[in-house]
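An overview of the molecular structure
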Amino acid sequence: MTAVSGDPREVGRKVRRLRQERGISLSELARRAGVGKATLSGLETGVRNPTLETLWAVTAQLGVPIAAVLDTGPAAPVLVRGTAVEATLLEVFDDAGVTYELYRIRVPPGATQTSPAHHHGVTEHITVFSGTLSAGPLDAPLVAGPGGYLSWRSDVPHGYAAVGAEPVLASLLIRYPAAS
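Now for a quick tour of the structure. (Residues numbered from 1 in each chain as written. Predicted model: local features only at pLDDT ≥ 70, side-chain atom pairs only at ≥ 80, totals over all residues. Heavy atoms only, no water.)

Moving on, we come to the packing of aromatic side chains. For the coordinates displayed, the defined rule picks out three aromatic pairs. Note on Trp56 and Tyr160: the rings are 6.5 Å apart at their centroids and 25° apart in plane angle, and the pair reads as stacked. Within this pair, whereas Trp56 is found in helix α4 (residues 52-62), its partner Tyr160 is found in strand β9 (residues 158-163), the two being separated by 104 residues in sequence. The exposure class assigned to Trp56 is buried, which follows from its relative accessible area of 2%. Put simply, the rings of Trp56, Trp152 and Tyr160 pair up and form one aromatic cluster. (Phe/Tyr/Trp six-rings, centres within 6.5 Å; stacked < 30°, edge-to-face > 60°. Helix = DSSP H or I, 4+ residues; strand = E, 2+ residues; numbered from the N terminus. Buried < 20%, exposed > 50% of the residue type's maximum accessible area, 1.4 Å probe, protein only.)

The next thing to look at is the pattern of salt bridges. The full count for this structure, using the stated rule, is nine salt bridges. Residues Glu44 and Arg16 are paired through a salt bridge, measuring 3.7 Å at the closest nitrogen-oxygen approach. Placement of the pair is Glu44 in helix α3 (residues 37-45) and Arg16 in helix α1 (residues 8-21), with a sequence separation of 28 residues. Under the relative-accessibility criterion, Glu44 is labelled buried at 4%. Residue classification places Arg16 among the partly exposed positions, given a relative accessible area of 26%. Two residues, Arg81 and Glu86, come together in a salt bridge whose shortest N-O distance is 3.6 Å. Classification of Glu86 by relative accessible area gives partly exposed; the value is 32%. (Salt bridge = Lys/Arg side-chain N within 4 Å of Asp/Glu carboxyl O.)

Before going further, it helps to examine α3. Turning to α3, its buried residues are Leu40, Gly42, Leu43 and Glu44. The inward-facing, buried residues of α3 abut α1, α2 (26-33) and α4. Remark: Gly46 follows α3 within two positions and exhibits a positive phi of approximately 80°. (Contact = heavy atoms within 4.5 Å.)

Structure below.
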């Protein structure tokens, strides 16, 4: 099963274009994002389908929302998989210099996902529909059950895990202020 639905070559082209527009070398972006140079090169050429964690690490260093590199054609919603989170991108919208991404997420029991820090000022907002979710900064995770809401600044490493034996179904809204 692939990590990102859609065309990985299109994702790679977008990453390369953003990297080049910012005057950052492949080696430098790989170092900043904490990913291997071969991984980033494979992502840019479309021969590797990146994980959600890799995309978040790279886009954070480029100062853009993850949707800026996804192949968001009209055919179907974009599905992105991480270690524990399966996220379907439902909508991307901009409002006064802020970009929002709305996802439907599923977190199966028994797996934990650690995500790298997004760029400064990014926040995440989760509404849990079923299951119990532990999510938020690694040093201070938050917990919510059905009907609960979690919010945190995600410009620090953060994680997601289902608590108990039931999968978590939730919505995730990521708010990206314009990079400064």
